[in-house]
Amino acid sequence: MATTHKLVSLIMCDDCRKEDNGKDIIIGVYTGAMIAPVLPFVLPTFALRFEIIPQQLEYQKAVAIMKNPRDEEIFRVEGTLAVSRMDFGASFFYRVSPLPITMQGDHAIFLGLDEEPEQIAVLRVLHEPSSFMAHPQPNG
């Protein structure tokens, strides 16, 4: 269990940006699952937006990792992280572009802030081919 921070939330989305006033813009949120009509496919962008309660003002090693169902790393983002205050939550995000998805199943998300990364979430990828006749026809 993390000791350098408390994870409040993770939002997985297509993109995340910061406004001039400091607020986040979150685009295309995934609610824990993604339905893929074809596999493999490539997402042009993918973002992980974290909200934490920090226990320190600076993290020398911030790491976010996504692994496929075979436990292979799809991406690893590393850097430093500075927060302005410790008396309330802080948010930060990592964007990956492009993100190849090659298989269905549970894709694990890991986060480490000056600690060994630990699994904090799963993005489930489901393969469901789409149908051209998806709309019901009226009777009569």
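Please read these numbers as outputs of a predicted model, since none were measured by experiment.

A separate point is the side chain of H5. Along the chain, H5 turns up in strand β1 (residues 5–18). A distance of 3.2 Å separates a polar atom in the side chain of H5 from a polar atom in the side chain of T4.

What the rule picks out here adds up to 10 salt bridges. With its nearest N and O atoms 3.7 Å apart, the salt bridge here joins R49 to E51. For R49, a relative accessible area of 12% translates into the label buried. On the basis of relative accessible area, E51 is assigned to the partly exposed category, the value being 27%. In this structure, D71 engages K67 in a salt bridge whose closest nitrogen and oxygen atoms are separated by 3.6 Å.

About the thresholds
- Residues numbered from 1 in each chain as written.
- Predicted model: local features only at pLDDT ≥ 70, side-chain atom pairs only at ≥ 80, totals over all residues.
- Heavy atoms only, no water.
- Helix = DSSP H or I, 4+ residues; strand = E, 2+ residues; numbered from the N terminus.
- Polar contact = N/O pair within 3.5 Å; in protein donor to acceptor, adjacent residues only side chain to side chain.
- Salt bridge = Lys/Arg side-chain N within 4 Å of Asp/Glu carboxyl O.
- Buried < 20%, exposed > 50% of the residue type's maximum accessible area, 1.4 Å probe, protein only.

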